[in-house]
Structure formats: C-alpha cells, structure tokens
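# Examining the three-dimensional arrangement
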Amino acid sequence: TGGGKSGKGTVFSITPSGKEQIIYAFTSSQGNQPLEGLADVNGTLYGTTARGGGDDKGTVYSVKP
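Rules used throughout
- Numbering of residues starts from 1 in each chain and follows the order in which that chain's sequence is written.
- Where local features are concerned, this predicted model is filtered to residues with pLDDT of at least 70; where side-chain atom pairs are given and counted, the filter is 80 or more; whole-chain, interface and lining totals use all residues.
- The side-chain quantities take in all heavy atoms of the structure and omit both hydrogens and water.
- Note on pairing: DSSP must find at least two bridges between two strands before they are called paired.
- The helix count covers DSSP runs of H or I at least four residues long, the strand count covers runs of E at least two residues long, and both are numbered beginning at the N terminus.
- Every case where a carboxyl oxygen of Asp or Glu lies within 4 Å of a side-chain nitrogen of Lys or Arg is listed as a salt bridge.
- Partly exposed describes any residue whose relative accessible area lies between the buried limit of under 20% and the exposed limit of over 50%, with all areas from a 1.4 Å probe on protein chains only and scaled to the type maximum.
- Aromatic rings from Phe, Tyr and Trp, with only the six-membered ring used for Trp, were paired whenever their centres fell within 6.5 Å, and each pair was classed as stacked if the ring planes differed by under 30 degrees, edge-to-face if by over 60, and tilted otherwise.

## A word on the pairing of strand S5 (residues 44-51)
Relative to S5, strand S3 (residues 32-34) is paired through 2 bridges, and the arrangement is antiparallel. Note on S5: the bridge partner recorded for Asn 32 is Arg 51. Bridge analysis of strand S4 (residues 39-41) against S5 gives 3 bridges, and the strand direction is antiparallel. Paired with Ala 39 across the strands is Tyr 46, a residue of S5. Between the antiparallel neighbours S4 and S5 lie 2 residues, among them Asn 42 with a positive phi of about 55°.

Quick look at the structure:
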C-alpha cells in the first residue's frame, strides 16, 4: 500500500540490476491501496485493492507489464 506519485500504491518490478520499474501507479479515481499477492495468468497480472469501487470496499484489477 502507499507509494507512487499519488500515494495510492504501485505495481512494480525489479530489474536484474536491482532497479525498480513502475508498471502501474494507482490513483484515487479507481481501486487503490493494492494488497500483497499477484496472480500471473499468461503474462497478465491480477490483484486486489483495499479501497475503491462502488462502495469503496476494494476492486480486482489487471495489468499487463
């Protein structure tokens, strides 16, 4: 949770040389505060957030690095 320019969380990777690369930065306009744990399904990452959605009870998201 937290992190990124908006402070709402990020999905990131670490290069072999140890450099962080931001894949996606969450904002308050959609799900935010991503929870730990991602599922990789055919190269698309799926996860959940603690906040956001219609009732602000979290969302399921996907990102393709």
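Moving on from the model shown.
## Quick notes on the pattern of salt bridges
Under the criterion given, the structure shown has 1 salt bridge. When the shortest N-O distance is used, the salt bridge between Arg 51 and Asp 56 registers 2.3 Å. We classify Arg 51 as partly exposed; its relative accessible area is 35%. The partly exposed category is assigned to Asp 56, whose relative accessible area is 34%.

## Structural notes on the packing of aromatic side chains
Here a ring pair, both rings aromatic, is described through the centre-centre distance and the interplanar angle of the planes. The full count for this structure, using the stated rule, is 2 aromatic pairs. Consider the rings of Tyr 24 and Phe 26, whose centres lie 5.0 Å apart with planes at 85°: the pair is edge-to-face. For Tyr 24, a relative accessible area of 32% puts it in the partly exposed group. Each ring, one from Phe 26 and one from Tyr 61, has its centre 5.0 Å from the other, and the planes form 80°; the classification is edge-to-face. Of this pair, Phe 26 sits in the loop between strand S2 (20-25) and S3 while Tyr 61 sits in strand S6 (residues 60-63), placing them 35 residues apart in sequence. The residues Phe 26 and Tyr 61 share a single accessibility class, namely buried. Among the aromatic side chains, those forming a connected cluster through ring pairs are Tyr 24, Phe 26 and Tyr 61.

## Notes on the pairing of S6
Residues Tyr 61 and Val 63 point to one face of S6 and are all buried, whereas Val 60 and Ser 62, pointing to the other face, are not buried. Here S5 runs beside S6; their pairing, made up of 4 bridges, is antiparallel. Bridge pairing in S6 links Tyr 46 to Ser 62.

These figures capture arrangement, not role.
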